[in-house]
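Each chain is listed here by its residues.
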Amino acid sequence: MALEITDTIILKSFPYGETSKIARCYTRDFGKVSLIGKGVRKGKTLRSGYLEPLNHLSLSFYKNPRRELQIFSKAEFKNILSALKGDVKKITYGFAIVELVDKGVTGEEPHEELFDLLVDTLNAINSATGNINVIFWYFEMKFLSLLGFRPNLSTCPDCEGILDGAVFSHERGELVCSNCLINGERKVSSRTITFLKTLKHGSVIDAINLKLKPGDRSEIGGFLDRYLRHHIDTIRNIKSLKIMERVLA
Ligand SMILES: [Zn+2]
């Protein structure tokens, strides 16, 4: 059993027994790791506080590849996201993001770019003064791309014409031009396609600076939601997203 140290975001945790806690973590070097903090809820120490969702830690743990549950040793905070944790809207988006990672990422391979995206997005939400839903869409778009589901926003898959306004095909889970899908389902305007391209190719700052009108929000959010659910079937029922719809309605 080796003592490992790695950069970590806590995805979820729950009490175990009288004094312990189990946490699922997304680590930079080992991907998803489940671990038990034995006795961390005992006495008045602060050790239990490390294993809370959305914490960004330098985590030390004992790793045994033959076990599913690794053993927590100690931790230090890398960054305290106090603005995020003190704001209902921000923390709701934060929970939706860690739930997407928890449900959407399978297997234990590390993915450094995905880890960095997670950290950068939580930091951006922490310091944001507005447009938090756009930061969330930025995360969704980059998350899809990193998992191999980068949406095609340029050409129609049927006629290879340029997508200047399109229709979302529920059957195929992608955008098709309105000539090829006449009785189309959800329309996506050329304006929305331009915004989606910024989310796909731009930085989080580019995303925050998008100038959106109310109608844009439902088209962008609707497209990403449908696309994500079509391509990553493990996230069909994201609890935090449902809570978010209620809290932010
Ligand atoms: Zn077409």
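The residue numbering used here restarts from 1 in each chain and proceeds along that chain's sequence as written. Local features in this predicted model are restricted to residues of pLDDT 70 or higher, and side-chain atom pairs are both shown and tallied only at a pLDDT of 80 or more, whereas totals for entire chains, interfaces and linings draw on every residue. Computation of side-chain values: all heavy atoms of the structure, hydrogens and water removed.

**Overview of the coordination of the zinc ion**
Now for step 1: For Na, K and Ca the donor cutoff is 3.2 Å, while for all other metals N, O and S atoms count as donors only within 2.8 Å; water does not appear among the atoms, so some sites may look incomplete. The protein atoms that coordinate the zinc ion are Cys 156 (SG), Cys 159 (SG), Cys 177 (SG) and Cys 180 (SG), at distances spanning 2.3 to 2.4 Å.
Now for step 2: In this structure, the zinc ion is coordinated by 4 donor atoms arranged in tetrahedral fashion, with angles at the metal of 105 to 115°.
Now for step 3: All donors of the zinc ion belong to a single chain; written as a sequence motif, their spacing is C-x2-C-x17-C-x2-C. With a gap of 21 residues between them, Cys 159 in the loop between helix 5 (132-146) and strand 6 (166-169) and Cys 180 in the loop between strand 7 (174-176) and strand 8 (186-188) connect regions that are remote in the sequence. Irregular is the label for any site that misses the other tests, which are tetrahedral for four donors with all angles between 85 and 135 degrees, and square planar for four donors or octahedral for six when opposite donors exceed 155 degrees and the remaining angles lie between 65 and 115. Segments assigned H or I by DSSP are reported as helices when at least four residues long, segments assigned E as strands when at least two residues long, and all are numbered from the N terminus.

**Comments concerning a nonpolar patch on the surface**
Now for step 1: Two joining distances apply to patches: 9 Å for like charges and 5 Å for nonpolar side chains (Val, Leu, Ile, Met, Phe, Trp, Tyr), and every residue must have over 30% relative accessible area and no salt bridge. Surface accessibility in these figures is a Shrake-Rupley result with a 1.4 Å probe; residues are shielded only by whichever protein chains are displayed. The rule for a salt bridge is simple: a side-chain nitrogen of Lys or Arg has to be within 4 Å of a carboxyl oxygen of Asp or Glu. Where nonpolar side chains cluster on the molecular surface, the patch consists of Met 1, Leu 3 and Tyr 62 and spans about 320 Å² of accessible area.
Now for step 2: Here Tyr 62 lies in strand 4 (residues 56-63).
Now for step 3: You can call Tyr 62 partly exposed: its relative accessible area is 34%. Throughout, exposure labels follow a simple rule: accessible area from a 1.4 Å probe, protein chains only, divided by the maximum for the residue type, with under 20% read as buried, over 50% as exposed, and the rest as partly exposed.

**Observations regarding the layout of surface pockets**
Now for step 1: In this structure, the second largest pocket encloses a volume near 280 Å³.
Now for step 2: Together, Arg 24, Phe 30, Lys 32, Val 33, Ser 34, Lys 63, Asn 64, Pro 65, Arg 67, Glu 68, Gln 70 and Glu 108 line the second largest pocket.
Now for step 3: At 3 residues, strand 3 (residues 31-37) tops the list of elements feeding residues into the lining of the second largest pocket.
Now for step 4: Residue classes follow a fixed rule: Ala, Val, Leu, Ile, Met, Phe, Trp, Tyr, Cys and Pro count as nonpolar, while Asp, Glu, Lys and Arg count as charged, and any other residue, Gly among them, counts as polar. Looking at the lining of the second largest pocket residue by residue, the class counts come to 3 nonpolar, 3 polar and 6 charged. Only protein atoms enter the 1 Å grid, on which a cavity is a set of points fitting a 1.4 Å probe that cannot get out and a pocket is an open set with protein on both sides within 12 Å along at least 5 of 7 lines, lining residues being those with an atom within 4 Å of a point. Grid points are joined across faces, edges and corners, and a volume is the space filled by probe spheres set on the points.

**Side note on the pattern of salt bridges**
Now for step 1: Here the structure, examined in full by the defined rule, presents 11 salt bridges.
Now for step 2: For Asp 7, the salt bridge goes to Lys 78, with nearest N and O atoms at 3.9 Å. Separated by 71 residues along the polypeptide, Asp 7 in strand 1 (residues 2-16) and Lys 78 in strand 5 (residues 69-79) bring together distant segments of the chain.
Now for step 3: The exposure class assigned to Asp 7 is buried, which follows from its relative accessible area of 18%.

**Re the packing of helix 4 (residues 112-127) against helix 5**
Now for step 1: Here the axes come from fitting lines to C-alpha atoms, over the contacting stretch only for helices, and the angles between their N-to-C directions go from 0 to 180 degrees. As a packed pair, helix 4 and helix 5 sit with axes 10 Å apart at the nearest point and diverge in direction by 180°. In terms of orientation, helix 4 and helix 5 fall into the roughly antiparallel class. Facing Glu 113, Leu 114, Leu 117, Leu 118, Thr 121, Ala 124 and Ile 125 of helix 4, the residues of helix 5 in contact are Ile 132, Ile 135, Tyr 138, Phe 139, Lys 142, Phe 143 and Leu 146.
Now for step 2: Taken together, the residues of the contact of helix 4 with helix 5 break down into 11 nonpolar, 1 polar and 2 charged. Roughly parallel refers to an angle under 35 degrees, roughly antiparallel to one over 145, roughly perpendicular to one between 65 and 115, and oblique to any angle outside these ranges. In what follows, residue pairs with any heavy atoms lying within 4.5 Å of each other are defined as contacts.

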